[in-house]
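Tertiary structure, described
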Amino acid sequence: MGLRPLALVLLAALAGCGGGARELLPDLEQAVPYAISIEQIPGRRLLVFASAVDNVGEGPVLLEGSRRTARESEMRARQIIVMSDGTRRAIGVVATIRYARSETHEHWHLVGFERYELRTTEGRLVRPGRKTGFCLGDRYETSAADLPGEPPEPVLTRECGRFGSGLLAIEQGISVGYGDDYVPELEGQWIDVTGLRPGRYVLVHRANRDRSLREAGYANNLASVLVEIRPRQVRILARCPNAGTCSDRQA
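Computed from a predicted structure; not experimentally measured. (Residues numbered from 1 in each chain as written. Predicted model: local features only at pLDDT ≥ 70, side-chain atom pairs only at ≥ 80, totals over all residues. Heavy atoms only, no water.)

For the rest of this paragraph, the subject is the confidence of the model for the chain. Mean pLDDT over the chain: 89, with 91% of residues reaching 70 or higher. Taken as a whole, residues 1–5 scores under 50 in pLDDT and shows seven contacts with residues more than four places along the chain or in a different chain. Throughout residues 7–18 the model reports pLDDT below 50, and contacts reaching past four residues in sequence, or to other chains, amount to 20 contacts. (pLDDT = per-residue confidence, 0-100. Contact = heavy atoms within 4.5 Å.)

In structure tokens:
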């Protein structure tokens, strides 16, 4: 199935917005990190967690990746902006789509969509996350009321060209009113805290950190949680949406 039928479904869902031809931009909302725990593996100690990003904007996050030949290891990415009159326009973005193989998935990843960091309570970076790629899709419907332009059913569900290492083009993204989540069992959903001193730290999740994707706004692209890390467990002290710092006073 080519790219155009999916685009038509998205346009049909957005029909009736009316008005002049203006951009219907996505708006990524980063969820507060959750399902946090300490996992002990031979020789290492990991802070594991789940993450999620919702699209609460007027238009979908829609990306097309393409390459000229299968000899190229990466695809170039374009963001497709849906207009209010039903047309589309493509813009080049500074983003890479790369094929990834691991125990739990094998498909094309958008590199650098979301970043994980562990910081001190003063904001100093202590440990970065190592996960680099993400397959965007309509994994769940957001808990918010139906948004204008929200399709009645998930649309972006193709799993980013799963088992298709020879593909020359793929499409991925998040529809209006849907979200993309990553459970702790997936590779990269952790930060290595081996040798880290027990104490209070801030776990920060940030979507679209370099703003390579066009959005309606960026204020809700990050969220954090204040945790107390102990040798064999972690305790959540405060949850801080829309903030890269977190303290008891913000809870």
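As a further point, take the sheet that holds strand S16 (residues 199–207). Pairing in this open sheet of five strands is antiparallel, and the strands run S10-S9-S16-S17-S18 from one edge to the other. Edge positions in the open sheet fall to strand S10 (125–128) and strand S18 (234–241), since each of these has one partner strand only. On average, each strand axis in the sheet is tilted by 25 degrees relative to the strand beside it, whichever way the strands run. Bridge count for strand S9 (residues 114–119) against S10 is three bridges, and the pairing is antiparallel. What sits directly across from Arg119, in S10, is Leu125. (Pairing = 2+ DSSP bridges. Helix = DSSP H or I, 4+ residues; strand = E, 2+ residues; numbered from the N terminus. Axes fitted to C-alpha atoms, helices over the stretch in contact; angles between N-to-C directions.)

Before going further, it helps to spend a moment on the side chain of Ser224. On the secondary structure map, Ser224 appears in strand S17 (residues 222–229). A polar side-chain atom of Ser224 sits 3.3 Å from the main-chain carbonyl oxygen of Thr245. Leaving out residues up to four positions away in the same chain, Ser224 has contacts with Val32, Pro33, Val202, Leu203, Val204, Arg239, Cys240, Ala243, Gly244, Thr245 and Cys246. (Polar contact = N/O pair within 3.5 Å; in protein donor to acceptor, adjacent residues only side chain to side chain.)

Within the secondary structure, Arg71 sits in the loop between strand S5 (61–66) and strand S6 (74–83). Using a relative accessible area of 76% as the deciding quantity, one classes Arg71 as exposed. Taking C-alpha positions, Arg71 is 19 Å from Glu171, a pair spaced 100 residues apart along the chain. (Buried < 20%, exposed > 50% of the residue type's maximum accessible area, 1.4 Å probe, protein only.)

For the structure on display, the rule yields five aromatic pairs. Consider the rings of Phe49 and Tyr116, whose centres lie 4.9 Å apart with planes at 80 degrees: the pair is edge-to-face. Residue Phe49 is found in strand S4 (residues 44–55), and its partner Tyr116 is found in strand S9; the two are separated by 67 residues along the sequence. Residue class for Phe49 comes out buried when judged on its relative accessible area of 0%. For Tyr116, a relative accessible area of 4% gives the class buried. Ring geometry for Phe113 versus Phe134: centroids 6.1 Å apart, planes at 65 degrees, classification edge-to-face. Of this pair, Phe113 sits in the loop between strand S8 (106–111) and S9 while Phe134 is found in strand S11 (residues 133–134), placing the two residues 21 residues apart along the sequence. The two residues Phe113 and Phe134 agree in class, both being buried. (Phe/Tyr/Trp six-rings, centres within 6.5 Å; stacked < 30°, edge-to-face > 60°.)

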